[in-house]
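Reading the structure
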Amino acid sequence: MPDLTDNQRKLIHDLALQARELLTREARELLEGTYGLYADGRLDPPTKLPQVQHDPEVADTYRHLAQFLDDEVRAGLPRAEAVDKLVKEVAFTHLNRFVAFKMLEARKLIRGTVDRGSESNGFKFYLADPEHADVYARYQTGDVETAYRHFLLWQSAQIAKEVRVLFDPGTLASRLFPPPQALNKLLPMLNAEALTETWRADETVGWVYQFFNEDEKAAVFDRLYKQKQKMRRQDIPAATQLFTPNWIVRFLVQNTLGRLWVQMHPDTRLLGTEVLDYLVPLEGDVSAGPLRPISSITLLDPACGGMHFGLVAFDLFAAMYQEELERAGEPGWPERASVSEPSEVAAAILQHNLYGIDIDLRAVQLSALALYLKAKSLNPKARITASNLACADVRPLNGARLGAFLREAHFSRPIYERLIRALWERLKDVDQSGSLLRLEREIGNLIAQERAHYGKTPLFAGLPGVFEHEAAEEEFWSVISAQIVQGLDEFARQQASAGVDQTFFAGEATKGLRLVDLMLRRYDVVVTNPPYAGKRNLDDQLARFLDNDYPDAKGDLYAAFIQRCAELVDMGGRVGMITQQSFMFLSSYE
């Protein structure tokens, strides 16, 4: 559909702010009234809380709340800030889910779920299923609100099979479901007739993210310019996120990814079509690029926000897959196409081609949603098994639990322990630096040390696969990280059976490993709208990071991202960015 109008964006703006206020207020009231958790971090004992005493489900959530507070405090976050973090996560997770339901309904990818509240068609089908007889029994007794809540959580669990980062029903945010009075106010906002067309637009996801952050952004700028305070690491997502207009995204994607395709296939039939309508013609002879299957071409947005660049790239990749499928076997084209039929294209793009990193969980949730909607719109029956997104908001891991994990894991080679300890020492900075943190250098340095230590002995003897001295770090990491993840899963299961909840530890560790995996890769195309923040406006910790890690680009975050993107792109690849012009004129960038 055409780009959203100013009035439609205004409607999304008002919805995002009103829904945020509602869900934030209700989350705080739920935490205080039911669970005895206050804004300052105080948690009442269960003996003072009637619902915790008499409702097993509430009691279980109370235990998870207490564990959450302990985990965040061990990770260095004061209790009051941990509560504030949880309230925001509850609010944005549920808003994102309800937005997702509306967008899925608009594309007819799910039965009506929220369009008519407890009268929605999907809810009626759910109640009619014998598997949900216990919920239907509650419905029959008049407890419609509880039955409808169970249905919404069930619906989330179904979609979580393909978009877990947003719909995971096992998270603490899922347990803290908006109470009936909140739903009764929220659903009419979402179902307003004026918003009908906005739910069909891909870009709605990005605008919801930007407008949800609006109050935080205003507060950051107030502290920055009026109170003369520095920008803290937790301020960066709200202060620097800005939705990129569609025409700019199309220009950058088409003149990077599109250019690669045209040079690889000068006879492409995509020239002159909508997917390449912003491609700038080049004068003179243009050398042809090496022939490669489309499934091997990768694109990264290292500050992905709502994945706007990825959405535009998805359409271009889809056209490229289709053309390769139609022309495979012709001169200048691969002998065999990357997919055997058009129905495989949607899942293939998410599995092989698109990658994204962000420091904000809200952004990663919405990026996963945006790509899922895009894939399902192309093929509603597509089975989404992979999504190459990573959140850099990894909490520092407690030394005692890291030690316990290493003791219990019984890794066969000392390199595992040395690698994990080295990475975890570096990961303590990743929630402020995100893609700028060169985690791959830690891997490379450690491998070099191990090679020197073992001399001529094969470094990877005893590990699955054969790795010689010239083995790439990426190939090494793919083997070792898989074994570490298996170890984390087993550790969490063993600890749970002993009555110790290690899901936070295992979850944060897995996030860290996923981030390293994306940073070890090199990409054919890197496109982004990076954060802009001058060093003089950053707190001391961020400023020191730029001084130490990016001395030639330390003046501004955007300049550091220029350098970083040039590192993340493969030889012969292309970088497309929106940047300020100061690097072209200031002597400090010479």
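Residues numbered from 1 in each chain as written. Predicted model: local features only at pLDDT ≥ 70, side-chain atom pairs only at ≥ 80, totals over all residues. Heavy atoms only, no water.

Below, the discussion takes up the layout of surface pockets. Computed from the structure, the second largest pocket encloses a volume of approximately 700 Å³. Lining the second largest pocket are 29 residues; nearest its centre among them are Arg-149, Phe-177, Pro-178, Pro-179 and Pro-180. Among the elements of the structure, helix 1 (6-35), helix 3 (56-74), helix 7 (144-160), helix 9 (172-175) and helix 10 (180-190) are those that each provide at least two residues to the lining of the second largest pocket. Here the lining of the second largest pocket gets six residues from one element, more than from any other, and that element is helix 7. (1 Å grid on protein atoms, 1.4 Å probe; cavity = no way out; pocket = protein on both sides within 12 Å on 5 of 7 lines; lining within 4 Å. Points joined across faces, edges and corners; volume = space filled by probe spheres on them. Helix = DSSP H or I, 4+ residues; strand = E, 2+ residues; numbered from the N terminus.)

Note that Lys-10 resides in helix 1. Residue classification places Lys-10 among the partly exposed residues on the basis of a relative accessible area of 45%. Once the C-alpha coordinates of Lys-10 and Trp-207 are considered, the two residues, 197 residues apart in sequence, prove to be 9.8 Å apart. (Buried < 20%, exposed > 50% of the residue type's maximum accessible area, 1.4 Å probe, protein only.)

Take the nonpolar core next. Ranked by internal contacts, the top residues of the largest apolar core, which has 98 residues, are Phe-98, Leu-152, Leu-257, Phe-317, Met-320 and Ile-349. A per-element tally of this core places helix 15 (residues 308-327) first, with 12 residues. Among all residues touching Leu-257, those that are not within four sequence positions of it are Ile-297, Leu-299, Ala-313, Leu-316, Phe-317, Met-320 and Val-525. The next biggest cluster of nonpolar side chains, apart from the first, holds 42 residues, and it includes Leu-300, Tyr-355, Met-519 and Leu-568. (Core = buried A, V, L, I, M, F, W, Y, C linked by side-chain atoms within 4.5 Å. Contact = heavy atoms within 4.5 Å.)

Pairing within the open sheet is parallel, and its five strands lie in the order 3-2-1-4-5. Both edges of this open sheet fall to strand 3 (388-391) and strand 5 (569-577), since each of them pairs with a single strand only. The mean angle between the axes of side-by-side strands here comes to 15°, regardless of whether they run parallel or antiparallel. Strand contacts of helix 16 (residues 345-353): strand 1 (299-301), strand 2 (354-358) and strand 3, with the helix running at about 55° to strand 2, the strand carrying the most contacts. Seen against the sheet, helix 25 (residues 557-568) touches strand 1, strand 4 (523-528) and strand 5 and runs at an angle of roughly 150° to strand 5. (Pairing = 2+ DSSP bridges. Axes fitted to C-alpha atoms, helices over the stretch in contact; angles between N-to-C directions.)

On to the packing of aromatic side chains, then. Applying the stated rule across the entire model yields 16 aromatic pairs. Where Phe-98 meets Phe-101, the ring centres are 6.0 Å apart and the plane angle is 80°; that geometry is what we call edge-to-face. Taken as a pair, Phe-98 and Phe-101 lie in helix 4 (residues 79-106) at a separation of three residues, close to a single helical turn. Using a relative accessible area of 1% as the deciding quantity, one classes Phe-98 as buried. Above the face of the Phe-125 ring, Arg-111 is positioned so that its terminal group lies 3.7 Å from the ring centre. Sitting over the face of the ring of Tyr-550, Arg-438 holds its NZ or CZ atom 3.9 Å from the ring centroid. (Phe/Tyr/Trp six-rings, centres within 6.5 Å; stacked < 30°, edge-to-face > 60°. Lys NZ or Arg CZ within 6 Å of the ring centre and 35° of its normal.)

Residue placement: Thr-244 occurs in the loop between helix 13 (236-240) and helix 14 (246-264). Accessibility expressed as a relative area gives 5% for Thr-244, which makes it buried. Among the polar contacts made by the side chain of Thr-244, one reaches the side chain of Asn-529 at a distance of 3.0 Å. Those residues in contact with Thr-244, other than ones at most four positions away along the chain, are Val-249, His-308, Phe-309, Asn-529 and Ile-578. (Polar contact = N/O pair within 3.5 Å; in protein donor to acceptor, adjacent residues only side chain to side chain.)

Spanning 12 residues, helix 25 covers 16 Å between terminal C-alpha atoms, matching the ideal 16 Å at 1.5 Å per step. What helix 25 keeps buried is the set Leu-557, Tyr-558, Ala-559, Ala-560, Phe-561, Arg-564, Cys-565 and Leu-568. Measuring from the side-chain oxygen of the N-cap residue of helix 25 to the backbone nitrogen of Tyr-558 gives 2.9 Å; that N-cap residue is Asp-556. (Expected span 1.5 Å × (residues − 1).)

Moving on, we get to the confidence of the model for the protein. Here the protein averages 83 in pLDDT, while 79% of its residues score no lower than 70. Within the protein, strand 1 carries the highest mean pLDDT (97), whereas helix 22 (residues 473-497) carries the lowest (59). (pLDDT = per-residue confidence, 0-100.)

Another point: empty space enclosed by the protein. Under the definition given, this model contains six cavities of 30 Å³ or more. Put simply, the second largest cavity is a space of about 50 Å³. Around the second largest cavity, the lining residues are Leu-23, Glu-26, Ala-27, Leu-30, Val-90, Ala-91, His-94, Leu-176, Phe-177, Pro-178 and Pro-179. Put simply, the parts of the chain that give the lining of the second largest cavity at least two residues each are helix 1 and helix 4. Per-element tally for the lining of the second largest cavity: the top contributor is helix 1, with four residues. Here the lining of the second largest cavity is built from residues that sort into nine nonpolar, one polar and one charged. (Nonpolar A, V, L, I, M, F, W, Y, C, P; charged D, E, K, R; others polar.)

The terminal C-alpha atoms of helix 17 (residues 361-378) lie 26 Å apart, and with 18 residues this matches the ideal 26 Å at 1.5 Å per residue to within 8%. In terms of burial, helix 17 is a largely internal element, 15 of the 18 residues being buried.

The grouping of Trp-247, Phe-251 and Val-280 at the surface amounts to a nonpolar patch, some 290 Å² of accessible area in total. Position of Phe-251 among the secondary structure elements: in helix 14. (Patch = residues over 30% accessible without salt bridge, like charges linked within 9 Å, V, L, I, M, F, W, Y side chains within 5 Å. Areas by Shrake-Rupley, 256 points an atom, 1.4 Å probe, with all protein chains shown as cover. Salt bridge = Lys/Arg side-chain N within 4 Å of Asp/Glu carboxyl O.)

Checked against the element boundaries, Lys-376 lands in helix 17. What makes Lys-376 buried here is its relative accessible area of 9%. Side chain to side chain, Lys-376 and Glu-162 meet in a polar contact 3.4 Å long. If we ignore the near neighbours within four places in the chain, the residues touching Lys-376 are Leu-109, Glu-162, Lys-381, Ala-382 and Ile-384.

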